[in-house]
Amino acid sequence: MGIFDYAPAPESRAIANLKDHYKPFVDGEFVDGSGEPLKTVNPATEEILAEVGTASASDVDTAVRAARRAYDTVWSKMPGAERAKYLFRIARLIQERSRELAVLESLDNGKSIKESRDSDVPTAAAHFFYHAGWADKLGYAGYGPDPKPLGVAGQVIPWNFPLLMLAWKIAPALATGNTVVLKPAETTPLTALVFADICRQAELPPGVVNILPGAGDIGASIVEHPDVDKIAFTGSTEVGKLIQRTVAGTRKKLTLELGGKAANVVFDDAPLDQAVEGIVNGIFFNQGHVCCAGSRLLVQESVAEEVLDKLRHRVSTLRLGDPLDKNTDIGAINSAEQLAKIHGLVESGDAEGAQRWTSPCPVPDRGFFFAPTVFSEVHQSMRIAREEIFGPVLSVLTFRTPEEAVTKANNTPYGLSAGIWTEKGSRILWMANQLRAGVVWANTFNRFDPAAPFGGYQESGFGREGGRTGLEAYLSV
Amino acid sequence: MSTRISVAKTYKLYVGGKFPRSESGRVYPVTDAAGTFLANAAHASRKDLREAVVAARKAFPGWSSATAYNRGQVLYRVAEVLEGRRDQFTAEVAASEGLSAEQAGARVDTAIDRWVWYAGWTDKIASVLGAANPVAGPYFSFTVPEPTGVVGVLAPQESSLLGLVSVLAPVLATGSTAVVVSSADRPLPAITLSEVLATSDVPGGVANILTGRASELGSWLASHGDVNALDPTGATPDERVHLAQEAAGTVKRVLTVPDAEPDWTTEPDLSRLRRYLEAKTVWHPLGV
């Protein structure tokens, strides 16, 4: 170890209170699901963390009935001010158990503890705080004096932000008076089940929140269930289209938060060191497992070489490894399946003639890891410029004029997010106008807040989460 | 005895600000409510529809970036020109829908007033639906509504003018552009409306109106890769299921509409405007 190297600073795994078995949460109780139990794996070590009971289609039916009963008898009848107190309780309990949740999230997902501790868990708590305040003020939200909830919300969330996506879904649903049946991702069910315990500690009425671990078939059962009034899905565009097709012709209200291929546009007048930090945050945050990741870097030609040099230098200092080490920047890829997908797309980049540069950082022998990778000389037609990679892989393209940057940035069926780096304020606002994306970050990237609506244009989905706009998804308006 | 023979009009499509015939060469007879022949309407084909989408896409950058004030003026101008042709519309609506002149006149008046109502929204919708977001950090974050893009509209089958105006005006007010398939059996007020649009400073391509059958054209509109949203009002409830499935292939926004055609004389709310708007959130750091 050299004098300037970091000593290992591991967080204690004991804080996670990891149990051997976890169970589905239905009608206020942890129950034996009748599905085949799944084993959830620590992607950093490939060790089995715990066995998790899963739901079957009949459990989905039981959960929906519980949610309906809770909706009819308790939750939709309760004054908003009282609902609010439950949401405040939940927010506080998440804060109180934040360290436990952060460690558990890193164990189950592979993300670095620095991110689960500083980003995921605090933002999840913030979503409950924010929406708690709405529960008794819905008449002021702009949807009429007394907007009504929809009923039972079926929610299916991805593995990249297991607890945070749960909060994005459950907090607005409960605030607006709906009850919930939520399916966490197959590979990351644990924090959702600790959240179920938090619901019990908050004495939330039984049936208001139901959590059903399982694979895609359970998600499909929720989506297809005739007594579900609303579907909220975050995940791939491919699955989103399938869900939209399934819901077609039913009375179910649908919101979709799907994939992205965000352009991060760097102009020659940008503060380049700051921009490089933003590029790194844009694509390597959460191992690149971010639907709004800045995965297409568009650099003005005159500074392209300089930016690439600085970028490679900066990326080579990123520390990859044990997610529980507080010095780790990049943790593990969530699953072997996802790692294979990343390898496949990277190989297509090689085959199509892009220039690959990979960080020389050491990669652990065990676990699912992928070293940060930057492709240059990328053309718009290449798969790595068009398809979502969902991993720590950046594709770099160049442009000459602002108009060309806009054309290239908008040359995608997606439209979730975009970034702009320039010192010129008028150019920021002009670019923000031109870019067809639901979120535009100027001189920053990957910022989230419950008060700021988030969601996509085009094939990145429809509906928004957060802010006053986000309430619409759960109201009959 | 010399009786003057009236000059009969050949009704055509309205695409890209021009009045072409259907490229297919097809027409279909239109009759009044009593079954008397009125005209041969152009029977739009799939290719006409695609041309209309191209025109709507081409018009989108200009229309969506026009100032809200300007859009409001143009839409108000539509009401003015429509008012000037009130008698013609009254006659056509009466013939199409089998109404008395008085009833038809009332519908036309409501249609004119609806343009005025939507014209007034163009420069208010951003302040009503937009937001300054009080985020927890040194950022200025704001959310602005933006038009969704090209909207495919299957116009109501029964209400030939008021229904059409009620579904078209909100699309144009948001800054989106439209491809409309008119009522199949009552298309003449729609084509006369396109003459109004063509002479009201509405840029060519912003509104494109096809006379034809929703049952034939709907699925091409629903599956088209360059159409961003779909209003299936003019399709039957059964057809709507299929259209919604087709629309899923491109994650189109599909309007939820009631099974039966609504009473268009009731005062509208913001819901149609909201459906054609995306919310864009912009973040900018604060500092010195």
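About the criteria used
- Residues numbered from 1 in each chain as written.
- Chains lettered and ligands numbered in written order.
- Predicted model: local features only at pLDDT ≥ 70, side-chain atom pairs only at ≥ 80, totals over all residues.
- Heavy atoms only, no water.
- UniProt positions renumbered as here; feature names shortened; annotations may be inferred.
- Contact = heavy atoms within 4.5 Å.
- Buried area = accessible area lost by both parts, 1.4 Å probe.
- Salt bridge = Lys/Arg side-chain N within 4 Å of Asp/Glu carboxyl O.
- Polar contact = N/O pair within 3.5 Å; in protein donor to acceptor, adjacent residues only side chain to side chain.
- Helix = DSSP H or I, 4+ residues; strand = E, 2+ residues; numbered from the N terminus.
- Nonpolar A, V, L, I, M, F, W, Y, C, P; charged D, E, K, R; others polar.
- Pairing = 2+ DSSP bridges.
- Buried < 20%, exposed > 50% of the residue type's maximum accessible area, 1.4 Å probe, protein only.
- Axes fitted to C-alpha atoms, helices over the stretch in contact; angles between N-to-C directions.
- Parallel < 35°, antiparallel > 145°, perpendicular 65-115°, else oblique.

As annotated in an unreviewed UniProt entry, chain A carries the name Aldehyde dehydrogenase (NAD+) and comes from Amycolatopsis jiangsuensis. Under the heading Sequence similarities (unreviewed entry), UniProt records this for chain A: "Belongs to the aldehyde dehydrogenase family."

Next up on the list: the interface of chain A and chain B. Listed by partner, the interface residues are 41 residues for chain A and 39 residues for chain B. Summed over both partners, the interface of chain A with chain B buries about 3000 Å², with 51% contributed by carbon and sulfur atoms. Arg-464 of chain A is paired through a salt bridge with Glu-278 of chain B; the nearest N and O atoms lie 3.1 Å apart. One can count 27 residue pairs in polar contact (both at pLDDT 80 or more) joining chain A with chain B. Elements with a minimum of two residues in the side of chain A that touches chain B: helix H8 (237–247), helix H14 (425–434), strand S17 (439–442) and helix H15 (467–471) of chain A. With five residues, H14 of chain A is the largest single contributor of residues to the side of chain A that touches chain B. Grouping the amino acids of the side of chain A that touches chain B by side-chain chemistry returns 20 nonpolar, twelve polar and nine charged. By the bridge criterion, three bridges tie S17 of chain A to strand S10 (residues 277–285) of chain B in an arrangement that is parallel. Across the sheet, the residue bridging to Val-439 of chain A is Thr-281 of chain B, located in S10 of chain B.

What follows deals with the pattern of salt bridges. Residue and element names in this part refer to chain A. Across all of its chains, the model carries 45 salt bridges over all chains by this definition. A salt bridge links Arg-69 to Asp-27; its shortest N-O distance comes to 2.6 Å. Residue Arg-69 is located in helix H1 (residues 57–75), and its partner Asp-27 is located in the loop between strand S2 (25–26) and strand S3 (29–30); the two are separated by 42 residues in the primary sequence. A residue is classified by how much of its surface remains accessible, and Asp-27, at 25% relative accessible area, is partly exposed. Overlapping salt bridges, with partners in common, bring together Arg-68, Asp-227, Asp-229 and Arg-251 in one network.

With respect to the helices, strands and loops of the structure, Thr-444 of chain A is situated in the loop between S17 and H15. Judged by relative accessible area, Thr-444 of chain A falls into the buried class, the value being 4%. A distance of 2.9 Å separates the side chain of Thr-444 of chain A from the side chain of Arg-447 of chain A, its partner in a polar contact. Not counting the four nearest positions on each side in its chain, Thr-444 of chain A is found in contact with Trp-421 of chain A together with Tyr-139, Trp-283 and Pro-285 of chain B.

So, about the packing of helix H3 (residues 98–109) of chain A against helix H6 (residues 190–201) of chain A. All names here are of chain A. At a closest axis distance of 9 Å, the pairing of H3 and H6 adopts a crossing angle of 155 degrees. It follows from the interaxial angle that H3 and H6 lie roughly antiparallel. Counting all contacts with H3, which are made through Glu-100, Leu-101, Leu-104, Glu-105 and Asp-108, the residues of H6 involved are Leu-190, Thr-191, Val-194 and Ile-198. Within the contact of H3 with H6, the residues separate by chemical class into five nonpolar, one polar and three charged.

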